[in-house]
Amino acid sequence: MNNVHFENKKISRCFFWFIWFVYVVVYMTKNCFSAALASIVYEGAMTKSQTGIIMAAFQLVYAPLQLVGGVVADRYDPEKLIKIGLLGGSIANLIIFFNQNYYVILVTWILNAVVQFAVWPSVFKIVSSQLVKEDRKSATYFLSFSSVMGLLFAYFVAAFLTKWEYNFLISSVSLFVLFVAVHIVTRCVSKYMVPSIVTEDRTVSDSKVEYVPTLKLFLESGILILVAVAFIRTLVANSINTLSATMLMESYENVSPSLGNILNIFILGASVMGTVLVKTVLYPKYIKSAPNGMVVMFIITLAALLLLILVGNLNIVIAVVMLCVVAGCLNAIFLLTTYCNLRFEKFNKSGTVAGIINAASSIGILFSSYGITKLAEVYDWTVDRIIFLVLTAVALFLCCAMIPFWKRFKKKYHPHALQPLVKN
């Protein structure tokens, strides 16, 4: 169902929530190792660095494939690409449940990254181009909760499982059920889809057509700066969201693996609340530009990270609260990033931009999964927290540098002005 969209608002909204739930589950299954990390280390099944290598290997393959996935999602049926990811992911998780050999897990998890190469770009393509037009921005807002909700489910499940291997069995069954569901649902809703006017055909109705090469478009908008920001944001956010349970367990004597996972659930919940507060209080009521909103969020994050340098000596309640602040601010920045991505749909490039941003984010997760865990193992968590502080300061500077580019970009390609085309 490529180059089609809904005109029935009720069907469009139901389909969005279905796709939203699908991605929540996909994200949950991608974080099986992160959620089980505290238990794996506690049981001695693998070291932090071994688990980190597995997670890093996934991202090492997944990141460059996001660039391909973004282009493919703009050109081909995104629903079929999602089904490929669901079925392949189900098989990969089932293999790991039955065989916990380190090398089998490593190879299988890499193959899982391959089959899921186009899932996120396809989800974003559906939201940005197939839903009814008036719902796309609000849908993007709700979509920003999907990753943190996936992590929340992952940690919630992991906190109550008696064996960490069961994470993969649950993931396998869930993905297969969703594969069947997506196949049935997309066949049912296809009759409500109508053809969209593809970019090249706009010459029929447009009195004047301006062609903008893709690279020029990206340079003018400053989106390439945002790529670097996405890398840093994700590195820090993923570390806070996935490693806090282990960090708290190793920094405080009275924190068990289960308690660490439960505390991590509060941190993930704060990610959701941070996004809600930014949307309802800050943007766009007082701050009209997404990069400006990112600057504010990074400033608050810096202040919280300064306190977190003292984790271990800091009261655990204050430590958890500060971790919640950081998680909330960084997830709010993710929302603002997706709003930036949405502006490229009129150029038929939303999938491509989502893929590029997600590639940078995946590299951030790679560094978080292996580099941060390795540093914690060789030194201690204080070194990691100092790195978070420095990287956040760099991201703040980059956001400030992006503001004039984004301002000129919005002025030149105003939504109410003539929509330019892009040469492939």
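As a reminder, the structure under discussion sits directly above these lines.
The structure presented is a predicted model; accordingly, all values stated were derived computationally and were not measured.

Asks: Outline the packing of aromatic side chains, listing residues and values.
Replies: Under the criterion given, the structure shown has 24 aromatic pairs. Taking the centre distance of 5.8 Å and the plane angle of 40° together, the rings of F58 and W109 count as tilted. In this pair, F58 is assigned in helix α3 (residues 48-75) and W109 in helix α5 (residues 102-115), connecting sequence segments 51 residues apart. Here F58 and W109 have matching classes, each one buried. When the centroid spacing of 5.1 Å and the interplanar angle of 35° are considered together, the rings of W406 and F409 count as tilted. Of this pair, W406 and F409 both sit in helix α16 (residues 381-412), three residues apart, roughly one helical turn. One aromatic cluster is present, built from ring pairs that chain together F16, W17, W20, Y141, F142 and F145. Over the ring of Y141 we find K279, and its NZ or CZ is 5.3 Å from the ring centre. A cation over an aromatic ring shows up here: R408 above the ring of F405, its NZ or CZ 5.3 Å from the ring centre.

Asks: Please provide a residue-by-residue account of the side chain of S122, values included.
Replies: Here S122 shows up in helix α6 (residues 119-130). A polar atom in the side chain of S122 sits 2.6 Å from the backbone oxygen of A118.

Asks: Go over the environment of L37, please, and point to the residues and values.
Replies: Structurally, L37 can be placed in helix α2 (residues 32-43). In this structure the C-alpha to C-alpha distance between L37 and A158, which are 121 residues apart in sequence, comes to 9.4 Å.

Asks: Quick rundown of the side chain of T186? Include the residues and the values.
Replies: Here T186 shows up in helix α9 (residues 166-189). Judged by relative accessible area, which is 9%, T186 ranks as buried.

Asks: Which residues make up the state of the cysteines, and what are the values?
Replies: Counted according to the given criterion, the structure contains zero disulfides. With no disulfide of its own, C340 lies closest to C399 among cysteine sulfurs, the gap being 9.0 Å. The exposure class of C340 is buried, given its relative accessible area of 0%.

Asks: Can you lay out the packing of helix α1 (residues 9-30) against helix α8 (residues 146-160) for me, pointing to particular residues and giving the numbers?
Replies: When two helices pack together, you describe them by how their axes are tilted relative to each other and by the distance separating the axes. Interhelical geometry of α1 versus α8 gives an angle of 50° and a closest axis separation of 7 Å. On the basis of the axis angle, α1 is oblique to α8. In the packing of α1 onto α8, the handedness of the crossing is right-handed. Residues W20, Y23, V24, Y27 and M28 of α1 lie in contact with α8, whose contacting residues are S146, S147, M149, G150, L151, F153 and A154. Of the residues belonging to the contact of α1 with α8, the class tally is nine nonpolar, three polar and no charged.

Asks: So, the environment of P257: which residues are in play, and what are the values?
Replies: By the element assignment, P257 lies in helix α12 (residues 257-282). Assessed through its relative accessible area of 12%, P257 is described here as buried. As for P257 and L37, which are separated by 220 residues in sequence, their C-alpha atoms are 9.1 Å apart.

Asks: Which residues make up the nonpolar core, and what values do they have?
Replies: Among the nonpolar cores identified, the biggest contains 140 residues, and F33, W120 and F344 are the most heavily contacted of them. Among the elements that take part in this core, helix α14 (residues 316-342) stands out by supplying 17 residues, more than any other. Counting five residues, the second-largest nonpolar core is a separate cluster that includes A73, L81, F117 and A118.

Basis of the calculations
- Residues numbered from 1 in each chain as written.
- Predicted model: local features only at pLDDT ≥ 70, side-chain atom pairs only at ≥ 80, totals over all residues.
- Heavy atoms only, no water.
- Phe/Tyr/Trp six-rings, centres within 6.5 Å; stacked < 30°, edge-to-face > 60°.
- Helix = DSSP H or I, 4+ residues; strand = E, 2+ residues; numbered from the N terminus.
- Buried < 20%, exposed > 50% of the residue type's maximum accessible area, 1.4 Å probe, protein only.
- Lys NZ or Arg CZ within 6 Å of the ring centre and 35° of its normal.
- Polar contact = N/O pair within 3.5 Å; in protein donor to acceptor, adjacent residues only side chain to side chain.
- Disulfide = S-S within 2.5 Å.
- Axes fitted to C-alpha atoms, helices over the stretch in contact; angles between N-to-C directions.
- Parallel < 35°, antiparallel > 145°, perpendicular 65-115°, else oblique.
- Left-handed = near helix turned anticlockwise from the far one by under 90°.
- Contact = heavy atoms within 4.5 Å.
- Nonpolar A, V, L, I, M, F, W, Y, C, P; charged D, E, K, R; others polar.
- Core = buried A, V, L, I, M, F, W, Y, C linked by side-chain atoms within 4.5 Å.

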